[in-house]
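Understanding the architecture of this molecule
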Amino acid sequence: MTKRIFRSICFACFVVLLAAVLLLGQSLYGYFAKMQQDRLRTLTQIAAESAAAEGDLFFARWQNDDWRLTWIDADGTVLYDSERDAAQMKNHASREEVQAALKEGFGESSRFSDTLMEYSLYSAAKLPDGTILRLSLRQSSIFALLGGVALPLAIIFVFAGFLSVFLAVRLSKRIVKPLNALDLEHPSQNSAYEELSPLLRRIESQQEQLKSQHEELQRRKNEWDILISGMEEGLLLVNREGSLISVNPAALRILGAGSSCVGQPAQSIMSRDELVTLLKDALAGRAGQRILTIGDGIYQADANPVKSEGGTAGAVLCLFDRSRQEKIDQLRREFSANVSHELKTPLHIISGCAELLSGGMVKPEDVPSFSDKIYTEAGRMIRLVDDVISLSHLDEGAGDMQREDVDLLTLCKTAVQDLQPAANALKVQLSVKGERAVLTGVPRLLYSIVYNLCDNAIKYNRPGGKVRITVQTEATQTILCVRDTGIGIPADQQTRIFERFYRVDKSRSKAVGGTGLGLSIVKHAALVHGARIDLKSKVNEGTEITVRFPR
Ligand code: ADP
């Protein structure tokens with residue numbers, strides 16, 4: 001800025017000086033020319049009078065280097081010239097001043113002299129003998145005139161240069177200093193010169209505009225961040241060059257990356273080549289989908305291009321956790337296989353016995369035992385189907401099941417009554433103790449909890465063993481405890497017995513009519529009531545299962 005101001009001032013000074021010099025030179029030149037012309041006229045008249053009086057003698061005595069004297073005959077022949085050889089000079093009859101002098105006795109002109117190759121002033125007077133006397137004077141050019149004043153001019157130019165520098169420095173400081181001191185954070189609070197006010201007002205309004213735009217952007221970014229950080233699905237946005245623009249916490253967790261990856265190429269956090277290919281395809285405008293194993297999980301990766309007017313502006317990659325769904329699908333497959341397998345055995349037995357009976361291949365005394373076998377296996381199938389139906393009801397959710405107040409102690413007594421024949425058959429002693437404990441729940445499910453626990457306590461007991469059922473009410477919970485003195489459960493299998501079809505001893509379970517679903521039903525029914533199950537068991541000593549219902 002300072003340089004520009006300096007250049008402008010110097011240029012202005014130079015132009016003004018030059019114009020002044022030229023104008024002055026021109027008017028001086030005109031003034032001097034007029035003075036010379038007047039002098040020439042006067043001298044010509046004096047010379048003409050002297051020549052008329054002295055004749056040839058005047059020309060012989062002429063000695064003056066500043067003035068050129070020419071004597072021309074009436075026909076234009078040059079008779080004498082003070083600077084040139086008259087004999088060799090052209091006829092001068094056509095010269096303007098000569099013609100005027102011949103006509104009117106006196107003539108003047110100024111022109112570029114072909115003879116002397118200079119600009120000259122001419123003045124001619126007619127002598128009494130008809131001849132013409134002419135005086136001429138070389139006129140200095142304007143440059144010669146200026147050359148004469150070159151030194152003072154140079155001094156003026158140098159002075160003007162210094163003045164320009166001084167003024168430029170001072171002026172630029174005065175202009176720039178308030179500009180440098182401007183507080184652009186608060187434009188309206190500046191007291192700089194008046195001319196800056198429109199600029200400051202504009203800066204202030206633009207700052208306000210920028211501020212509100214920034215706030216709006218920040219608000220949208222916060223909304224976006226909240227939205228994507230709350231998502232369970234992984235979300236990645238990449239720009240046209242394949243660099244990460246946004247990655248939500250779920251995606252970072254799935255891909256095992258850190259938040260510093262934003263701005264880096266997407267492949268730097270992709271552990272699977274398939275993801276890189278999906279993203280490349282999406283950037284090329286092709287959407288794609290893959291099911292992949294990433295780490296311990298199974299994910300569905302969906303990549304889509306982000307279209308804009310100019311083509312593909314980027315791509316978005318979503319990672320959906322399919323692990324749970326896959327696990328459920330796998331459990332369902334296993335469950336179906338188990339159910340078919342469990343049904344196949346009794347069906348084969350029933351069909352075999354029935355075939356033998358219908359073919360008359362069974363001795364009459366064996367018919368009751370065959371019929372008993374069919375009855376037992378049919379009973380096993382019915383129990384299995386009942387358990388499967390109960391579980392599938394529980395899987396569908398117990399939201400629509402009718403809840404009512406149920407006394408747990410009464411339920412236990414009913415279950416004991418129902419199981420008494422089985423207990424008697426295995427010589428197991430049943431006892432119920434406790435207080436009245438009313439729960440709000442689904443009576444059928446609560447009964448199945450008590451029934452299955454007591455049934456197991458009898459089935460996996462030893463002859464002469466005991467089963468003690470207690471119902472207890474505390475301030476925050478109602479406790480059902482079924483304790484037996486049976487075979488117990490090995491410690492490493494205690495967590496697994498609640499899985500569907502899991503049995504510690506498969507043959508014993510089958511022998512006592514177990515389906516492998518009893519404890520699964522207990523677990524689900526307890527869940528429906530928000531109850532917690534605790535298990536304590538020691539092999540050959542017995543098992544204690546406690547169900548704690550919240551009050
Ligand atoms: P099941 O119909 O075979 O009894 P459950 O789901 O009720 O199926 O029980 C799963 C397995 O847990 C049983 O097969 C058995 O091995 C074991 N079990 C359950 N209750 C007891 C218990 N009170 N004492 C010993 N083992 C038990």
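Keep in mind it's a predicted model, so treat the numbers as computed, not measured.

Considering helix 10 (residues 367-396)
- Over its 30 residues, helix 10 runs 43 Å from end to end, which matches the ideal 44 Å to within 8%, given 1.5 Å per residue.
- Listed in full, the buried residues belonging to helix 10 are Glu-377, Arg-380, Met-381, Leu-384, Asp-387, Val-388, Leu-391 and Leu-394.
- Looking at the packing, one finds that the buried side of helix 10 touches helix 9 (323-358), helix 12 (443-459), helix 13 (506-511) and helix 14 (518-528).
- Positioned one or two residues after helix 10, Gly-397 has a phi angle of 105 degrees, which is positive.

As for the environment of Ile-291
- Position of Ile-291 relative to the elements: it lies in strand 8 (residues 288-294).
- On a C-alpha basis, the gap between Ile-291 and Asp-302 in space is 8.9 Å, while along the polypeptide they are 11 residues apart.
- Beyond its immediate sequence surroundings of up to four residues, Ile-291 is in contact with Ile-298, Tyr-299, Gln-300 and Arg-322.

Details of unusual backbone geometry
- With a phi close to 55 degrees, Lys-427 is a non-glycine residue in the positive phi region.
- With respect to the secondary-structure elements, Lys-427 resides in the loop between helix 11 (408-425) and strand 12 (429-434).
- Located in the positive-phi region is Phe-501, a residue other than glycine, with phi close to 65 degrees.
- Note on placement: Phe-501 falls in the loop between strand 15 (477-484) and helix 13.

Points about the packing of helix 9 against helix 10
- In contact at an axis separation of 9 Å, helix 9 and helix 10 are set at 160 degrees when each is read in the N-to-C sense. Here helix 9 lies roughly antiparallel to helix 10, going by the angle between them. As helix 9 runs across helix 10, the sense of the crossing is left-handed. Contact with helix 9, carried on its side by Phe-335, Val-339, Glu-342, Leu-343, Pro-346, Leu-347, Ile-349, Ile-350, Cys-353, Ala-354, Leu-356 and Leu-357, involves Val-367, Phe-370, Lys-373, Ile-374, Glu-377, Ala-378, Arg-380, Met-381, Leu-384, Val-385, Val-388 and Leu-391 of helix 10 and no other residues of that element.
- Looking at side-chain class alone, the contact of helix 9 with helix 10 contains 20 nonpolar, no polar and four charged residues.

Comments concerning the sheet that holds strand 16 (residues 532-538)
- Within the open sheet, the five strands sit side by side as 12-14-15-17-16. Their pairing is mixed. Across the chains shown, the open sheet's two edge strands, defined by having one partner strand only, are strand 12 and strand 16. Sheet twist, expressed as the average angle between the axes of neighbouring strands with direction ignored, equals 10 degrees.
- Relative to strand 14 (residues 466-473), strand 12 is paired through six bridges, and the arrangement is parallel. Of the residues in strand 14, the one forming a bridge with Gln-429 is Lys-466.
- Contacting strand 12, strand 14, strand 15 and strand 17 (542-550), helix 12 crosses the sheet at an angle of about 20 degrees to strand 15.

Notes on the packing of aromatic side chains
- The tally for this structure, following the rule as stated, stands at eight aromatic pairs.
- Consider the rings of Phe-59 and Trp-71, whose centres lie 4.2 Å apart with planes at 15 degrees: the pair is stacked. You can see Phe-59 sitting in helix 2 (residues 56-61) and its partner Trp-71 sitting in strand 1 (residues 68-72), a full 12 residues away along the chain.
- Judged by centre distance (5.7 Å) and plane angle (35 degrees), the rings of Tyr-447 and Tyr-451 are tilted. Of the two residues, Tyr-447 and Tyr-451 both sit in helix 12, four residues apart, roughly one turn of that helix.
- Counting every residue linked through ring pairs, the aromatic cluster contains Phe-58, Phe-59, Trp-62, Trp-71 and Tyr-80.
- Above the plane of the ring of Tyr-122 lies Arg-111, whose end atom (NZ or CZ) is 4.2 Å from the centre.
- In this arrangement the basic side chain of Arg-500 is found over the ring face of Phe-335, its NZ or CZ atom lying 5.2 Å from the centre.

Some remarks on the site of the ligand
- What surrounds the ligand is a group of 21 residues, the closest being Asn-456, Tyr-460, Ser-509, Thr-515 and Gly-516.
- In the model, an oxygen atom of the ligand is placed 2.7 Å from a nitrogen or oxygen of the Tyr-460 side chain.
- Residue Gly-518 places a main-chain N or O atom 3.3 Å away from an oxygen atom belonging to the ligand.
- Isolated, the ligand exposes 520 Å² of accessible area, and the fraction of that covered by the protein chains is 98%.

Considering the pattern of salt bridges
- With the rule as written, the count across this model stands at 24 salt bridges.
- Here Lys-221 ties to Asp-225 by a salt bridge, and the two come within 2.8 Å at their closest N and O atoms. Separated by four residues within a single helix, Lys-221 and Asp-225 lie in helix 6 (residues 197-229), roughly one turn from each other.
- Overall, Lys-221 belongs to the partly exposed group, its relative accessible area being 44%.
- Residue classification places Asp-225 among the partly exposed positions, given a relative accessible area of 29%.
- One salt bridge in this structure joins Arg-380 and Glu-377, with 3.2 Å as the shortest N-O distance. In this pair, Arg-380 and Glu-377 are both assigned in helix 10, three residues apart and thus about one turn of the helix distant.
- A residue is classified by how much of its surface remains accessible, and Arg-380, at 17% relative accessible area, is buried.
- Glu-377 sits in the buried class, given a relative accessible area of 6%.
- Beyond isolated ion pairs, a larger network of salt bridges with shared partners links Lys-34, Asp-38, Arg-41 and Glu-108.

Quick look at the packing of helix 10 against helix 14
- Packing of helix 10 against helix 14 leaves a shortest axis separation of 10 Å and a crossing angle of 30 degrees. Between helix 10 and helix 14, the crossing angle belongs to the class labelled roughly parallel. Considering the relative orientation of helix 10 and helix 14, their crossing is left-handed. In contact with Asp-387, Ser-390, Leu-391, Leu-394 and Asp-395 of helix 10, helix 14 contributes Gly-518, Ser-520, Ile-521, His-524, Ala-525 and Val-528.
- Residue composition of the contact of helix 10 with helix 14, by class: five nonpolar, four polar and two charged.

Re the sheet that holds strand 6 (residues 234-239)
- The five strands are arranged 7-6-10-9-8 in an open sheet whose pairing can be described as antiparallel. At either end of the open sheet lies a strand with only one pairing partner, and these are strand 7 (244-247) and strand 8. Mean inter-strand twist for the sheet, computed between neighbouring axes without regard to direction, equals 20 degrees.

Cut-offs and rules
Residues numbered from 1 in each chain as written. Predicted model: local features only at pLDDT ≥ 70, side-chain atom pairs only at ≥ 80, totals over all residues. Heavy atoms only, no water. Helix = DSSP H or I, 4+ residues; strand = E, 2+ residues; numbered from the N terminus. Expected span 1.5 Å × (residues − 1). Buried < 20%, exposed > 50% of the residue type's maximum accessible area, 1.4 Å probe, protein only. Contact = heavy atoms within 4.5 Å. Axes fitted to C-alpha atoms, helices over the stretch in contact; angles between N-to-C directions. Parallel < 35°, antiparallel > 145°, perpendicular 65-115°, else oblique. Left-handed = near helix turned anticlockwise from the far one by under 90°. Nonpolar A, V, L, I, M, F, W, Y, C, P; charged D, E, K, R; others polar. Pairing = 2+ DSSP bridges. Phe/Tyr/Trp six-rings, centres within 6.5 Å; stacked < 30°, edge-to-face > 60°. Lys NZ or Arg CZ within 6 Å of the ring centre and 35° of its normal. Near = heavy atom within 4 Å. Polar contact = N/O pair within 3.5 Å; in protein donor to acceptor, adjacent residues only side chain to side chain. Areas by Shrake-Rupley, 256 points an atom, 1.4 Å probe, with all protein chains shown as cover. Salt bridge = Lys/Arg side-chain N within 4 Å of Asp/Glu carboxyl O.

Geometric values such as these leave the question of function open.
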